[in-house]
Amino acid sequence: MISLPQAAPRVAKLTALSIGVALLATACGGSSTPSSTGSTTPAASGIACPAPSASGGATTAPGAGGSVPASTTTTETPLKIGSLLPTTGSLAFLGPPEIAGVNLGIKEVNDAGGVLGKPVEVIHRDSGDTKTDIATQSTTALLGSGVSAIVGAASSGVSKTVINQITGAGVIQFSPANTSPDFTTWDDKGLYWRTAPSDVLQGKVLGNYMATCGAQTVGMIVLNDAYGTGLAKNVKSAFEAAGGKVVAEELFNEGDSQFSSQVDKVIASKPDAIALITFDQAKSIVPLMTGKGIKATQMFMVDGNTSDYSKDFQAGTLKGAQGTIPGTFAKDDFKKKLLAIDPALKDYSYAGESYDAVNLIALAAEAAKSTKGTDIAKQLKAVSEAGEKCTDFASCVTLLRNGKDIDYDGQSGPVSFSDAGDPTEAYIGIYEYQDDNTYKPSKEEFGKL
């Protein structure tokens, strides 16, 4: 058992941090002024995390009713969108919700009459992971099919292998899940966009959240790629700014299958909490840690590994462990729509971001009166800010066709883009594992970048 000191002095220290993150925010389905809670729930390991807020599962505001007016501009070239999302590899668990989000977006766009008078077409291809060349092959096939935009990849490492190929062809790359800060300054010709916030935000939230739970020391096991090291850097920065200390940071490479060395070194440093910044390697790492006496309540996971482990571990293995996923909680009405698309869905990670990507591309094409990638890209920022609020394609395109400026707010939360194509504000969801090794929403934290 690793014991923990009292955490009371740390809370006051955290309130002074001017990082733009509203800690312990109650879910508001897109509100920019979350409220806070102050109670805590003690955990068996001695960590006392803030109590879950009464959030998640609420319904979203309905879109505008009535018929959608016909487009005054029609196109001879229908909008064609490709997806480059994982159906194989270490992030394959993210593929189903992301693909369902894309397909739901396409369905609703076409139910409303399509874009510029024509149905939108979609082509799905596997992104694989960085151990293979699947993404390059899939990208070549999508570009050869004449797509104007590609939704994907999920992995920042994979996106780095194809971003120049996509944007160099004058095609939009729109990722629902890339979080590496590197893309903010990438020379992408204005064609790279994402609905997931940079890990500058997720790192700040996770680092500060571990501190609010009472951890004074943290050990980290980190995937050595753009995603892992970038997120770890921001977790460390936030945790240390809150007065904590990172006592161990052990790296491993994609494709590694043995993690005993990393686990042993982290445990030897006797951390209060352990951050697992991995993909599905967590399936191998978690049993090594619990076998050496680490309690689930000391484990903090991230979007790359916060998944359903009900078929992987014995009941109770992860009970009390927590994880962060960018984006607001999937609401009940949205889940029902996704399940109608894919009844086998168990995870909803990045489904909202994928759905929003499709809607934003379609709306920007309407605003540009063009299905050309470079034209669409020039309108993406405009349809996300400073206009009349709307939440789905039908209501938004109705406003556009009536000559109104729009501000699309989506299923992933408020969507407003910087000039670099990054979200300027976002929610980070915090989830807690149950006895069956599945996770449930605990609370949301809101931040601006």
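Note that this is a predicted model, so its numbers are computed, not measured. (Residues numbered from 1 in each chain as written. Predicted model: local features only at pLDDT ≥ 70, side-chain atom pairs only at ≥ 80, totals over all residues. Heavy atoms only, no water.)

> Teacher, can you tell me more about the sheet that holds strand β5 (residues 121-126) here?
For sheets, the rule is that strands pair by backbone hydrogen bonds, running either parallel or antiparallel. Strand order across the open sheet formed by five strands is β5-β4-β6-β7-β8, with parallel pairing between neighbours. Across the chains shown, the open sheet's two edge strands, defined by having one partner strand only, are β5 and β8 (192-194). In this sheet, neighbouring strand axes are inclined to one another by 20° on average, regardless of whether the strands run parallel or antiparallel. Alignment of strand β7 (residues 172-175) against β8, held across three bridges, turns out to be parallel. Looking at β8, one finds that Ser-175 is bridged to Arg-194. Lying on the sheet, helix α2 (residues 95-111) is in contact with β4 (80-85), β5 and β6 (149-152); it crosses β5 at an angle near 170°. (Pairing = 2+ DSSP bridges. Helix = DSSP H or I, 4+ residues; strand = E, 2+ residues; numbered from the N terminus. Axes fitted to C-alpha atoms, helices over the stretch in contact; angles between N-to-C directions. Contact = heavy atoms within 4.5 Å.)

> Where do I start with the sheet that holds strand β15 (residues 406-410) in this structure?
Taken in spatial order, the three strands line up as β14-β15-β16 in an open sheet, and their pairing is mixed. Of all the strands in the sheet, the pair left with one neighbour each is β14 (388-390) and β16 (413-414). Taken together, the two bridges between β15 and β16 define a ladder with antiparallel strand orientation. Along β16, the bridge assignment pairs Gly-410 with Gly-413.

> Looking at this model, I keep getting lost on the nonpolar core. Mind explaining?
Note that soluble globular proteins tend to have their nonpolar side chains buried in a common cluster. Met-210, Met-220, Ile-277, Met-289, Phe-300 and Leu-318 are the most contacted members of the largest nonpolar core, which totals 63 residues. If one sorts the elements of this core by residue count, helix α5 (residues 199-212) sits on top with six residues. Those residues in contact with Phe-300 that sit more than four places away from it in its chain are Ile-47, Cys-49, Leu-206, Tyr-209, Met-210, Cys-213, Ala-273, Ile-274, Ala-275, Leu-276 and Gln-322. Counting residues in hydrophobic clusters, the runner-up holds 47 residues, among them Ile-172, Trp-193, Ala-330 and Ala-357. (Core = buried A, V, L, I, M, F, W, Y, C linked by side-chain atoms within 4.5 Å. Buried < 20%, exposed > 50% of the residue type's maximum accessible area, 1.4 Å probe, protein only.)

> What's the story with the pairing of β7 in this structure? I'm lost.
In β7, alternate side chains face the same way, and those of Ile-172 and Phe-174 on one face and Gln-173 and Ser-175 on the other are all buried. Bridging between β6 and β7 involves three bridges; their strand directions are parallel. Bridge pairing links Ala-149 to Ile-172 in β7. Note on the crossover from β6 through helix α4 (residues 156-168) to β7: the handedness is right-handed. (Right-handed = clockwise from strand over helix to strand, strands pointing away.)

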